[in-house]
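Tertiary structure, described
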Amino acid sequence: MRYVLRKIGLLLLTLWAAVTLNFFLPRMMPGSPTDAAIAKLAQNGPVSPATRAAIEAQLGVPTGNIWDQYVTYLGNVLTLDFGVSYTFFPQSVSDLVLTALPWTLVMVGVVTIVAFVLGTLLGVLAAWKRGTFLDSLPTLTGTFTSAFPYFWTALLLLFFLGYVLQWFPTSGAYSARATPNLSAAFIADAAYHAVLPAVTILITSLGGWILGMRNTMINTLGDDYVTFAEANGLKPRAVALKYAARNAILPNLTGFGLALGGVVGGSLLVERVFNYPGVGYLLYNAVTNQDFPLMQALFLMITVSVLVANFIVDVLYGYLDPRTRR
Amino acid sequence: MTEKEATAQGEAPEPTQPPPSGRKNAYNTTVDGGGGLVRVGAPPSPLTVLGRAAGTIWSVPKARVGLILLAVFVLAAVFAPLLAPYAPTDNSFARAEGGSPAHPLGTTTAGEDVLSQLIYGSRVSVLVGMVAGFGATLIAVLLGMSWGYTRGFAADVINFFVNLFLVIPGLPLMIVLAAYLQGGGLAMIIFVVVITGWAWGARVLRSQTQSLRSRDFITAAQFSGESSFRIVFREILPNMTSLITGSFFGAATAAILAESGLSFLGLGDTAMVSWGSMLFWAQNSNAILTGQWVLLFAPGLCIALLATSLTLINFGVDGLSNPRLREGKGR
Amino acid sequence: MTLLDVQDLSIVYEPHGAEPVTAVRGATFRLEQGEFVGLVGESGSGKSTLGFALTGLARAPARISSGRIAFDGTDIAHLDGEDLRRQRRGGFAMVLQSGMNALNPVRTIGNHFADIFAAHEHVPRGRRRDRAVELVEKVKLPASVLDRYPGELSGGMRQRVAIALAMSLDPRLLVFDEPTTALDVLVQRAVMETIIELQREENFTAILVSHDLGVVLESTARVLVMHEGVIVEDGPAARILQDPQDDYTKMLLSHYADPRAEVVELPGLRVAGSQISTTGEGPAGPGTDAAPSGGAKARTGRTREAVVLEGVGKVYPPPRRGEDPVVAVDDVSFTIEPGDALALVGASGSGKSTIAKLITGVERPTAGTVRLGETDVGSLRRAGLRRLRRDVQMVFQDPYSALNPLHSVEYTLMRPVVNFGGLRGLEARRRVLDLLDIVGLTPVEQFAAKLPHQLSGGQRQRVVIARALACDPQVIIADEPVSMLDVSLRAGVLALIEGLREQWGVSLLFITHDLLSARLVTDKILVLNRGRVVERGETAQVLRFPEDAYTVELLDAVPQPGRAAD
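Procedures and definitions
- Residues numbered from 1 in each chain as written.
- Chains lettered and ligands numbered in written order.
- Predicted model: local features only at pLDDT ≥ 70, side-chain atom pairs only at ≥ 80, totals over all residues.
- Heavy atoms only, no water.
- UniProt positions renumbered as here; feature names shortened; annotations may be inferred.
- Helix = DSSP H or I, 4+ residues; strand = E, 2+ residues; numbered from the N terminus.
- Salt bridge = Lys/Arg side-chain N within 4 Å of Asp/Glu carboxyl O.
- Buried < 20%, exposed > 50% of the residue type's maximum accessible area, 1.4 Å probe, protein only.
- Phe/Tyr/Trp six-rings, centres within 6.5 Å; stacked < 30°, edge-to-face > 60°.
- Lys NZ or Arg CZ within 6 Å of the ring centre and 35° of its normal.
- Pairing = 2+ DSSP bridges.
- Contact = heavy atoms within 4.5 Å.
- Axes fitted to C-alpha atoms, helices over the stretch in contact; angles between N-to-C directions.

In the annotation of an unreviewed UniProt entry, the entry for chain B reads ABC transporter permease, and the organism field reads Occultella gossypii. Listed under Subcellular location (unreviewed entry) in UniProt, the entry text for chain B is "Cell membrane". Comment text from UniProt for chain B, heading Sequence similarities (unreviewed entry), reads "Belongs to the binding-protein-dependent transport system permease family."

Looking at an unreviewed UniProt entry, chain A carries the name ABC transporter permease, with the source organism given as Occultella gossypii. Here chain A is described in UniProt, under the heading Sequence similarities (unreviewed entry), as follows: "Belongs to the binding-protein-dependent transport system permease family."

1. Observations regarding the UniProt feature "transmembrane region" (unreviewed entry) in chain B
All names here are of chain B. Within this numbering scheme, the UniProt entry marks residues 65–84, 124–145, 157–180, 186–205, 236–258 and 294–317 as carrying the feature "transmembrane region" (unreviewed entry). Within residues 65–84, the helical portion is 90% and the strand portion 0%, while the C-alpha atoms at the span's ends are 24 Å from each other. Secondary structure content for residues 157–180 is 92% helix and 0% strand, while the C-alpha to C-alpha distance between its ends is 28 Å.

2. As for the pattern of salt bridges
Scanning the model with the defined rule gives 38 salt bridges over all chains in all. Its salt-bridge partner being Arg323 of chain A, residue Asp321 of chain A comes within 3.0 Å of it at the nearest N-O pair. With relative accessibility at 39%, the residue Arg323 of chain A sits in the partly exposed group. Via salt bridges that share partners, Arg127, Arg131, Glu134 and Asp170 of chain C belong to a single interconnected network.

3. A few points about the packing of aromatic side chains
The final tally for this structure, using the stated rule, is 24 aromatic pairs over all chains. Consider the rings of Phe144 of chain A and Phe148 of chain A, whose centres lie 5.0 Å apart with planes at 80 degrees: the pair is edge-to-face. Among the residues examined, Phe144 of chain A registers a relative accessible area of 27% and is labelled partly exposed. A ring pair is formed by Phe73 of chain B and Trp275 of chain B, whose centres lie 5.8 Å apart and whose planes are at 70 degrees; its orientation type is edge-to-face. With Phe73 of chain B in helix α4 (residues 61–78) and Trp275 of chain B in helix α14 (residues 275–284), the pair connects residues that are 202 residues apart, well separated along the chain. This pair shows no difference in class: Phe73 of chain B is buried, exactly as Trp275 of chain B is. Counting every residue linked through ring pairs, the aromatic cluster contains Phe23, Phe24, Trp67, Tyr70 and Tyr73 of chain A. Cation over ring: Lys450 of chain C sits above Phe447 of chain C, and NZ or CZ is 5.5 Å from the ring centre.

4. Focus on the sheet that holds strand β14 (residues 307–316) of chain C
All names here are of chain C. Strands sit in the order β15-β14-β17-β18 across an open sheet of four strands; the sheet is antiparallel. What marks the edges here is a single partner per strand, and that holds for β15 (326–336) and β18 (375–376). In the sheet, strand β17 (residues 367–372) pairs with β18 via two bridges, with the strands oriented antiparallel. Across the sheet, Arg371 pairs through a bridge with Asp376, a residue of β18. Taken strand by strand, helix α10 (residues 352–359) contacts β14, β15 and β17, and its axis lies near 115 degrees from that of β14.

Here you go:
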């Protein structure tokens, strides 16, 4: 329990640090992001003082008191008040982010867990059958596919499976005619649209999990408790799973938490290729239109999601390793 | 297994302790080959250590493939003007053509020769990989080692910051930074990649520094009157060659992939010919709809092959520091 | 009835990318049901390799190249997979050296038993828990350990669990590979007694693999001596003790002695009463491990100072919140006069290494004072500590970790010469070669150029000693300087230390758990138990007529081949 409390404390501290980084980023940049933002916004009509204040709190005013700005900013973050987007004027930034977030969370979340579980199993198999075909095939393929740029895998799948063979839809998260709801028909339609982006992420991230698990498991296979288990005549499957793999999973889980940021980063590019309406696609639009308020809010959201995911991984680790319970 | 355990177990089938991680042959040739003519107080210089490491990496077949692949790309980058049939930005050719003897890989929708672009594109990737990999490794070494060598509050603070940089998703941060710094060109991209890419290496090098500093030979060096600076750079650093090499290749791989991603989003200099920007233009000119699959396929394949070559080299480097990972049948 | 029949067994090591080495050569012997046999050899003798092969655990890079291992009539040398696995119940089992690491850290002890029962199904489901309780009680552990994780148990308890797990297979042959080496001295003895008792009660055939001829002769009835992969002697323990045939066995035996005796003698060293002398007769073994050649120069006439500890205490903050602070050293006072040799003895956790840290200024005392002459060591800062190290030097326990693997011997010795001696260039080099000559590493030019891995353990320890001497210190603190060395190499290093003290007048603080080596090189002794001094006096007096029970316990822990015969 103390372990979980400590991890909660660490999460809060890290969240605060991420929020603070987000505050200082635009203020450290050359030029004035605030002026640029307000000028852009002015193209849509007069800028109200309230809107101006919100943007200043977020992107900074060169003359203002930095501490006051920081307090206002923290308040805005806590109330999810990120101002107005000028790319999608007059929608509020928080509305845009909250609409996009579920698409990414579900699609990327599910496929990442599937990839990790599958990769880990293949890694166990590769390490156990070391030096055989079952080792070299996944290891070498994994080495190669994990070097693929995410967006390139996406482009290839889009071209061959989307345009040439026309097996899957090429754009969006659901059919143009449908409106999002929770009916079985809509979910099936959404799942169908999610296949190509999901497979892209699976192909590109799987190799890393295979290699990581294989290497840690080769290490645990050399540990004394594995030799002792064999000396005691345990069945090979029990030695492999309950002894070698069970211990190898622990460092690998930590690796999973740390590599998560990379997968999320890659999936942003995948969304851009498939015009998938998640945070990545939105971030791309924000960046190309220099929509700084939207961009900042998205970066914060992505960071917070990864931090929370890492926290969950940490708690899971604590559950799996009795040594943390003392 | 630590050396200490190996000693206690004492089952090395040789009278003397087997050398750590099989560098024996290299040692023997450098030392015994010298006979009595040994320079006064000369430790193996960092260069000989590196040379030895390179030899061991070469002995791993996978790493050998990686080194050859890497050499091909580096040579292509260096000799691009000699190898490429045309200038990469020469757009005087017929547009969106398929393969022909004059243009083996066809032309882009803007009328440039794809093969020439591909060859010149290697320059950006190789340069970014090397420079950003070096920069990130340099930060990792300096920070990781001082972090591993200090104790107390300062170490806790660094620990927090490194962990923060580890979990903050790198690519989104790069995208945000690049968006603010637009127009900065290649230097900006390298800067952004370095800023976000050092944390992993720092962490690995920190833990190795910590484990080395608890070894008796570090205490012994203190008792020999050595300064902290000298202990870090003459006693600890040379023992981490393989890990530093490993983090360099890891950081270079990440840098190459990151550069291609940023260029693909159009955040770099879109006028500069790189594999990432080739894909940016291919996507923006709807190469998918016109069926020019070479335009999509070739640049990405080059990125993947270059990144793979670095990963393959790291297989050899892994074996240097972890004998258990060397090639061979387990059971 | 013959249980194990080993015929002409050879095992080769084929490491990746290196020359194959024959680790075991033509081993031939038979074991009868119920025998307790010792298998002795020093590092590199092939004894563990043989032990692993006998229990069907020969793994790459080791390979059985010829011969057969008939276990109850079945050749297990070439048995594989499921056939071999089935043999393990009611067959052969093994207890590994590092019992601490032999248990899966994420499974409870109870689950370890459950796994074995599930693998062989030799205990009915309903009786499995009871059987596990029986087994842990046999190794003198409470039933409650079954619900614990390995990390919650001490090293000795974990080794006992490992023994109980091996016993759960109802083995007829049990191989113990250095079962107590990794444990604390006093725990070693207790675990060994449990093993002997179990063997007697259960009447399984046991092989005790050990580097320590003393331990083996004490515990077993028959001994096999291995040297460089060959079994050089095989006979009853009593006969080997009285009438060893092989030269190697004779040499090993000459390195044992009773620290309680009036006259204690090891090759090259002799103590009669409290008179210590080096006998000049070099110990057997490779030439360079011989006693120093006596090239020592007279010491420069610096004033010599005493090390004085007065009421010294060291309390560490509690390791976890809510626990008590750790008292490592409690009210310890002693003086080492210039040129004296003091032994500080005790089991691990007795505080002896903490005292070394206090004297070298690595730690500061929480009570009392530590002084070298007029200098208060506890209050020294950076520059003061550096100056202190000119006078106080260390010899480390583990020669494998005390030398940087990348630096030549010359570089290692050059550093203190340059830093403290202020010598440069040729002069410095001459000094380095002198040091090598003093510690007996000749020809010096050759040794100067070597890297640590090209040296044997004894040679490495000599380099470590040379480094400690380089700045001409007043005090040398030797922390278990021979405990990691093969028995046959210890006497040479001890003789070197003793010789240096005689010739150079260096004071010596000798920290050890081994009372024999304490007797051989020191004239005063201090016995520590849980941070407190329990006994002190002349070494010969204290060891011959101990008064404190703890001292007696430590004395009993010294392996003495002769004891079994008494």
